[in-house]
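# Descriptive analysis of the structure
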Amino acid sequence: MTLALEAIGLGKRYGRTWGLRDCSLSIPPGHVAALVGPNGAGKTTLLKLAVGLLRPSAGAIRTFGETPRDDPSALARIGFVGQDTPLYADFTVAELLTMGEKLNPRWDQAGAKDRLGRLAIPLDRKTGRLSGGQRAQVALTLALAKQPELLVLDEPVASLDPLARKDFLAALMGSVAERGLTVILSSHLIADLEHRCDYLIVLSESRVQALGQVDELLSRHWILVGPRRDDERVAGVDVVVQVSHTDRQTTMLVRSDAAITDPSWTVHAVGLEELVLAYLAEPSAGMLPGPRPTEGQR
Amino acid sequence: MIWLAWRQHRGQLLSAAVAFGLLAVFLFVTGTSMRHTSTASGLSACLDQVGGASMVNFVKGEGCRELGDAFAARYFGLRLLGLVLFTVVPLLVGMFWGAPLIARESERGTDALVWTQSVSRRRWASTEFAMVASMTIIAVGSYAVLVTWWYAPLNAAAGERFQWLIFDQQGSVPVGYALFAFALGVLAGAITGRTLRAMAVTVVGFLVVRFAVAVWLRPHYLAALQRKYPVMSSTEPNRLLGDWLIGGGGPGVGAVYDALGHKLKGGQMMCPPPVAQACIDQVGRGAYNFEIYQPAHRFWAFQSIETAIFVALAIVLLFVAAWWLEHRMA
């Protein structure tokens, strides 16, 4: 099976600083992947590398086994919505559709017009006079009309109010479900991504910190609550991701493949947001899954 | 891709057309008026009589110099205005059509839109460049035709068509300059990614290259000719023919030599008969004027050479810009 997105030792340097380094990841087709991380972690850099807007300084990145930067036919399989959903402000919506039709081989003009019609976005309005939510919808429509196999969205909802954000994500998920395409969506608003994504990439300090299927990640992490103790070793736990103490109580977020049997701990399931925040707070907690730890490491 | 390039730049062509229309009215009115004056003052008739003679008897007034000088003086203001206006036009193309071409896409973030469509950057660049370069040729070409027509009476009256700054305003060179300015703007925009910075680079680069070519290269496009003619004579070279006096005694001036070939001074000296004793005392019998010049009939050869130089520079710059866009740019 060809991977929708694959990065091997990928790095991008801006002058002397690395915007992204040693990034290796793979996303099989059919997933909706969330790319999360704090501002400046390299999310935009990774996505721009994926769609060929940037050239890697090290390593390689491929979409469906091709490199879009040098290959228009690879670009034809990708839909991209950039940060702040840039559009030509002096073009009408209809003119943008014409542009898409002229520049793309598999353009779905009827579908795009239909979609905008349902959203009540006037085709003869200049895009500079649309609201932020409408602009984002137009940008998404343009990306979808390419009939892509991979849809890449860089913070598409960051500038939208909560209602427009909800509408946008609902429209996005509707289209995704209809077509079964692969999506990579970056956001620093983790709540937006919960229940919508089944794949997670956590970027922190220019590196990939956690990567995997959301349900699998959630099923391997636990929150332990118990009486205060300073010894952080717990029987059956692979990695302690995060620890916090109060006077009488210790709370830990741990990674473990087996159930925790120690009766002194109360065990809770973990939510996506808690999981992500724990990893972001502890950059040293390291990479997720890869090969499972061997007995000796336990 | 052609559709997009046209849609993006048709507004610029429209503004250029409006500006051209206004300029055309102004040039037509003043150009027609200059032609009337030239006829009414007798300058045209005088010039017709002399025709293409290379030497003229200035004592008999054959050179039409008084008429010509009076005419040029009368239109001094217009000539000055023309110099300023017409030097600036190619630069405007570079600043407003060239510099933003790539830089504005990065500035507004629309690079992320247009370069993720299914079109290679090479195709994007070649179509955009070709579109705006064609617009430049059409706009500046028609402008140059009009200005060349406008300049004709002034050229005739002052014989200065070949001179620095005047040569640069007419014929085919404005098109070459404009294409060069455009290409410079595009490349500066690609490298800096900022329209304003690219504009500044375009202005400086354009003026430096234009100056260097005009001053150091242009006099040597073809081997210059030399001529000698006696000081004590009533005939001198026909200035209104429009030869370009390059030197002999310094930049743009000839020199006076004595009979033995010693250089006496820079400039020109004429002592028409009856020759005054003071003149003989000063330079001696047999003294002659010496000039290095480019003959007027080479005007179009020089225009073609200079145009070719700037077009070639423009092509190189555009190739570099396309390469930069494909390999170096974000």
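Note that the coordinates shown come from a computational prediction; the quantities given were computed from them, not determined experimentally.

Quick look at the overall build of chain B now. Within chain B, the secondary structure is distributed over ten helices and seven strands. Considering only C-alpha atoms, chain B reaches an extent of 85 × 45 × 25 Å along its principal axes. Each of the 330 residues in chain B was classed as buried or not, and the buried ones make up 39%. Long-range pairs, those at least 24 residues apart, make up 81% of the contacts in chain B with a sequence separation of at least 6.

Residues and elements named next belong to chain A. Within the open sheet, the four strands sit side by side as β11-β12-β10-β13. Their pairing is antiparallel. Unpaired on one side and paired on the other, β11 (239–245) and β13 (266–269) mark the two borders of the sheet. Shown here is a sheet whose adjacent strand axes are inclined to one another by a mean of 25°, direction ignored. Bridge analysis of β11 against strand β12 (residues 249–255) gives six bridges, and the strand direction is antiparallel. Note that in β12 the partner of V240 across the bridge is V254. Together, β10 (221–227), β11 and β12 form the strand contacts of helix α9 (residues 272–281), whose direction differs from that of β11 by roughly 90°.

What follows concerns the interface of chain B and chain A. Contacts between chain B and chain A engage 17 residues on the former and 21 residues on the latter. Of all the elements in the fold, those that place two or more residues in the side of chain B that touches chain A are α1 (2–40) and α5 (111–114) of chain B.

Attention shifts here to the confidence of the model for chain A. Residue and element names in this part refer to chain A. Per-residue pLDDT for chain A has a mean of 86; in total, 95% of the residues score no lower than 70. Looking across chain A, the model is least confident in helix α7 (residues 190–193), with a mean pLDDT of 79, and most confident in helix α3 (residues 93–103), with 96. pLDDT under 50 marks residues 288–298. Its contacts with residues more than four places away, or in other chains, come to nine contacts.

Residue and element names in this part refer to chain A. The end-to-end C-alpha distance of helix α5 (residues 132–145) is 20 Å, a good match for the 20 Å that 14 residues give at a rise of 1.5 Å each. Within α5, 13 of the 14 residues are buried, leaving the element largely enclosed by the surrounding structure. Following α5 by one or two positions, Q147 adopts a phi angle in the positive range, close to 55°.

Time to look at the sheet that holds strand β2 (residues 17–27) of chain A. All names here are of chain A. Strand order in the open sheet formed by three strands is β2-β1-β4, with antiparallel pairing between adjacent strands. The outermost strands of the open sheet, each flanked by one partner alone, are β2 and β4 (58–63). Strand after strand, the sheet turns through a mean of 25° between neighbouring axes, direction not considered. In this sheet, β2 lies alongside strand β1 (residues 5–14) in antiparallel orientation, the contact comprising seven bridges.

Residue and element names in this part refer to chain A. When the domains of chain A are assigned, the result is domain 1 (5–214) and domain 2 (220–297). Computed from C-alpha atoms alone, the centre-to-centre distance between domain 1 and domain 2 is 33 Å. When residues of the side of domain 1 that touches domain 2 are traced back to their parent elements, those giving at least two are α7, β8 (199–204) and β9 (207–213). Looking at which element gives the most residues to the side of domain 1 that touches domain 2, the answer is β9, with five residues. Residue composition of the side of domain 1 that touches domain 2, grouped by class: nine nonpolar, four polar and two charged.

Rules and cut-offs
- Residue numbers restart at each chain and count upward from 1, following the sequence in its written direction.
- Here chains are named by letter from A upward and ligands by number from 1 upward, in the order in which they appear as written.
- Local features in this predicted model are restricted to residues of pLDDT 70 or higher, and side-chain atom pairs are both shown and tallied only at a pLDDT of 80 or more, whereas totals for entire chains, interfaces and linings draw on every residue.
- Here a strand is any run of E in DSSP of at least two residues, a helix any run of H or I of at least four, and the numbering for each starts at the N terminus.
- Residue burial is a threshold on neighbouring C-beta atoms within 10 Å of the residue's own C-beta, all placed from the backbone, with 20 or more meaning buried, 12 or fewer meaning exposed, and counts in between meaning partly exposed.
- In this description, a residue-residue contact is defined by the distance between C-beta atoms placed from the backbone, which must lie within 7 Å.
- Pairing between two strands requires that DSSP report at least two bridges joining them.
- Axis definition: a line fit to C-alpha positions, over the contact stretch in the case of helices; interaxial angles, taken between N-to-C directions, run 0 to 180 degrees.
- As a per-residue measure, pLDDT tells how confident the predictor is, with possible values from 0 to 100.
- Helix span, as expected, comes to 1.5 Å for every residue beyond the first.
- Where a domain begins and ends is set by an automatic assignment or by a domain database.
- Residue polarity follows a fixed list, in which Ala, Val, Leu, Ile, Met, Phe, Trp, Tyr, Cys and Pro are nonpolar, Asp, Glu, Lys and Arg are charged, and the others, Gly among them, are polar.

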